[in-house]
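These are the residues of each chain, in order.
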Amino acid sequence: MSEFIPSAAIARTRAGQDHYVSDIDETGLGAVDAVADDSAPSSMWGEAWKNLRRRPIFWIAAVIIGLALALAAFPWLFTSQDPRFCELSNSMAAPGDGHPFGFNRQGCDIYARVVYGARASVTVGVVTTILVVLIGGTIGALAGYFGGWFDSLLSRITDIFFAIPLLLAAIVFMQMFKDNRNVWMVILVLSTFGWTQIARITRGAVMSAKNEEFVTAARATGASKARILMSHIIPNSMAPIIVYATVALGTFIVSEASLSFMGIGLPPSVVSWGADISAAQASLRTNPMVLFYPALALALTVLSFIMMGDAVRDALDPKARK
């Protein structure tokens, strides 16, 4: 290859400093850049699922959430004991055969109460989240899409409810209807004052999506406003809504447990983790495990929904991907 090197450069080359020119790569650009033309395009949700499958935190959260849902739906599969059957002769008894967590001060089986306590807490969290998404999502979507005075009106209504603390409002209303306390009353109160944040998130997502090119194309084809909103804008605005709803579900479970802990949530006839934590305060020094088990079940359930929300957020947020 020396014929390609100038003679002056050859003269200045010393021993051990020979110049070499690499061979020309004969591989064609077509072979390098070839891609499969028949491969299906990947959607945002498909990319998110690929990202989630590689994250251990997602699978850990999914297992715990699945277990909590199974406890809430089929508690009799996990224990044959009646959580409401209490015998004072078993008061504060140690764990034994068929009673792995022992007994509380009233002589009730702690394991059975932890298992059955998932039903009330998970029911309140799931149903409240669904109602909050429906109420807040509808208000936010309408405000963000139509704008103008309609947006101002709905935004001011949202601000009024947003200024009221959720837990404080729940305490006041549960005290007002303390004679009719049940799971549905707790759900109604939490849903009435818990939709404001999702309304704001939905409004911002809809305002961003309605300016996209696919919305302009839909208008050009003659699609109605209702069709554009339901078929194009809302499906493309669901990512932040799903992320917030996942985290909010754990928040509503904590709210129900807090109300039951204060004695103004679910009635004593309903087995719940918050009520058991409240009843275990008297035994905290002598037998802290009575409080530990329902508190652990509550903490793991709430933590799993928070971890799931973080994992979904990172998967749906392109900026968080490396």
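Structure report, in brief. (Residues numbered from 1 in each chain as written. Predicted model: local features only at pLDDT ≥ 70, side-chain atom pairs only at ≥ 80, totals over all residues. Heavy atoms only, no water.)

1. Quick look at the overall build of the chain
Operational definition: In DSSP terms, a helix is any run of H or I states spanning at least four residues, a strand is any run of E spanning at least two, and both are numbered starting from the N terminus. Residue exposure (1.4 Å probe, protein chains only): buried if accessible area is under 20% of the type maximum, exposed if over 50%, otherwise partly exposed. We call two residues in contact whenever any of their non-hydrogen atoms come within 4.5 Å of each other. We get accessible surface area from the Shrake-Rupley algorithm with a probe of 1.4 Å; when it comes to residues, only the shown protein chains can shield them.
Secondary structure assignment for the chain yields 14 helices and zero strands. Taken from the N to the C terminus, the helices and strands of the chain come in the order α-α-α-α-α-α-α-α-α-α-α-α-α-α. When burial is assessed residue by residue, the chain has 37% of its 322 residues classed as buried. Counting contacts in the chain only where the partners sit at least 6 residues apart, residues at least 24 apart contribute 70% of the total. Roughly 18600 Å² of accessible area belongs to the chain as shown, and the carbon and sulfur atoms make up 63% of that amount.

2. Considering the pattern of salt bridges
Test applied: Within this document, salt bridges are pairs made up of a side-chain nitrogen of Lys or Arg and a carboxyl oxygen of Asp or Glu, the two lying within 4 Å of each other.
What the rule picks out here adds up to seven salt bridges. With a shortest N-O distance of 3.0 Å, Arg-55 and Asp-314 are connected by a salt bridge. Of this pair, Arg-55 sits in the loop between helix H3 (44-53) and helix H4 (56-73) while Asp-314 sits in helix H14 (residues 289-316), and the two are 259 residues apart along the sequence. Across the salt bridge formed by Asp-314 and Arg-313, the nearest N and O atoms sit 3.3 Å from each other. Assessed through its relative accessible area of 40%, Arg-313 is described here as partly exposed. One salt-bridge network, held together by shared partners, links Arg-55, Asp-310, Arg-313 and Asp-314.

3. Brief notes about the nonpolar core
Operational definition: By nonpolar core is meant a set of buried Ala, Val, Leu, Ile, Met, Phe, Trp, Tyr and Cys residues that side-chain atoms within 4.5 Å join together.
With 30 residues, the main nonpolar core has Val-114, Ile-253, Trp-273, Leu-298, Met-308 and Leu-316 as its most contacted residues. Sorting the residues of this core by element identifies H3, H4, helix H5 (110-146), helix H12 (238-261), helix H13 (273-279) and H14 as the ones contributing at least two each. If one sorts the elements of this core by residue count, H14 sits on top with 12 residues. Not counting the four nearest positions on each side in its chain, Ile-253 is found in contact with Ser-121, Gly-125, Leu-298, Thr-301, Val-302 and Phe-305. Grouped together as the second largest cluster of nonpolar side chains are 20 residues, Val-132, Ala-170, Val-189 and Ile-241 included.

4. Describing the side chain of Ser-283
Along the chain, Ser-283 falls in the loop between H13 and H14. Excluding anything up to four places from it in sequence, Ser-283 contacts Met-92, Arg-105 and Pro-288.

5. Here we look at the packing of aromatic side chains
The following threshold applies: Ring geometry is summarised as follows: Phe, Tyr and Trp rings, the Trp one being its six-membered ring, pair when their centres sit within 6.5 Å, and such pairs are stacked at plane angles under 30 degrees, edge-to-face over 60 and tilted between the two.
One pass over the full model with this rule turns up 13 aromatic pairs. Pairing Trp-49 with Trp-59 gives two aromatic rings, centres 6.2 Å apart and planes at 70°, and the pair type is edge-to-face. Highlighted residues: Trp-49 in helix H3 and Trp-59 in helix H4, separated in sequence by 10 residues. Using a relative accessible area of 41% as the deciding quantity, one classes Trp-59 as partly exposed. Here Phe-173 and Phe-193 contribute two aromatic rings whose centre-to-centre distance is 5.2 Å and whose plane-to-plane angle is 50°, an arrangement assigned as tilted. Taken together, the residues span a long stretch of sequence, with Phe-173 in helix H7 (residues 166-176) and Phe-193 in helix H8 (residues 183-193) at a distance of 20 residues.

6. Here we look at the side chain of Ser-191
Stated precisely, the cut-off is as follows: Between N or O atoms, a polar contact is any pair within 3.5 Å; within protein, one atom must be a potential hydrogen donor and the other a potential acceptor, and residues adjacent in sequence are included only when both atoms are from side chains.
Its place among the elements puts Ser-191 in helix H8. In terms of polar contacts, Ser-191 uses its side chain to reach the backbone carbonyl oxygen of Ile-187, at 2.7 Å.

7. What to know about the state of the cysteines
Formally, a disulfide is one covalent bond, and it connects the sulfur atom of one cysteine to the sulfur atom of another. Here is the rule we go by: Our working definition of a disulfide is a cysteine sulfur pair at a distance within 2.5 Å.
Counted by the stated rule, this structure contains one disulfide. Residue pairing for Cys-86: its cysteine sulfur links by disulfide to Cys-108, the two sulfurs lying 1.6 Å apart. The S-S bond linking Cys-86 to Cys-108 shows a torsion near 85°; that makes this disulfide right-handed. Here the residue Cys-86 occupies a position in the loop between H4 and H5, and Cys-108 occupies one in the loop between H4 and H5, the gap between them amounting to 22 residues. Look at Cys-86 and you get partly exposed, because its relative accessible area is 33%. A relative accessible area of 3% places Cys-108 in the buried class.

8. Comments concerning the packing of helix H9 (residues 196-209) against H12
Applied cut-off: To define axes, lines are fitted to C-alpha atoms, for helices over the stretch in contact only, and angles between the resulting N-to-C directions are given on a 0 to 180 degree scale. When describing relative orientation, an angle under 35 degrees is termed roughly parallel and one over 145 degrees roughly antiparallel, while 65 to 115 degrees is termed roughly perpendicular and anything else oblique. Note on convention: near helix rotated counterclockwise from far helix by under a right angle means a left-handed crossing. Clockwise means right-handed. Residues are grouped as follows: Ala, Val, Leu, Ile, Met, Phe, Trp, Tyr, Cys and Pro are nonpolar; Asp, Glu, Lys and Arg are charged; every other residue, Gly included, is polar.
At a closest axis distance of 9 Å, the pairing of H9 and H12 adopts a crossing angle of 165°. Judged by the inter-axis angle, H9 sits roughly antiparallel to H12. Judged by the sense of rotation from one axis to the other, the crossing of H9 with H12 is right-handed. Contacts between H9 and H12 involve Gln-197, Ile-198, Ile-201, Thr-202 and Ala-205 from the first element and Pro-240, Ile-241 and Tyr-244 from the second. Taken together, the residues of the contact of H9 with H12 break down into six nonpolar, two polar and no charged.

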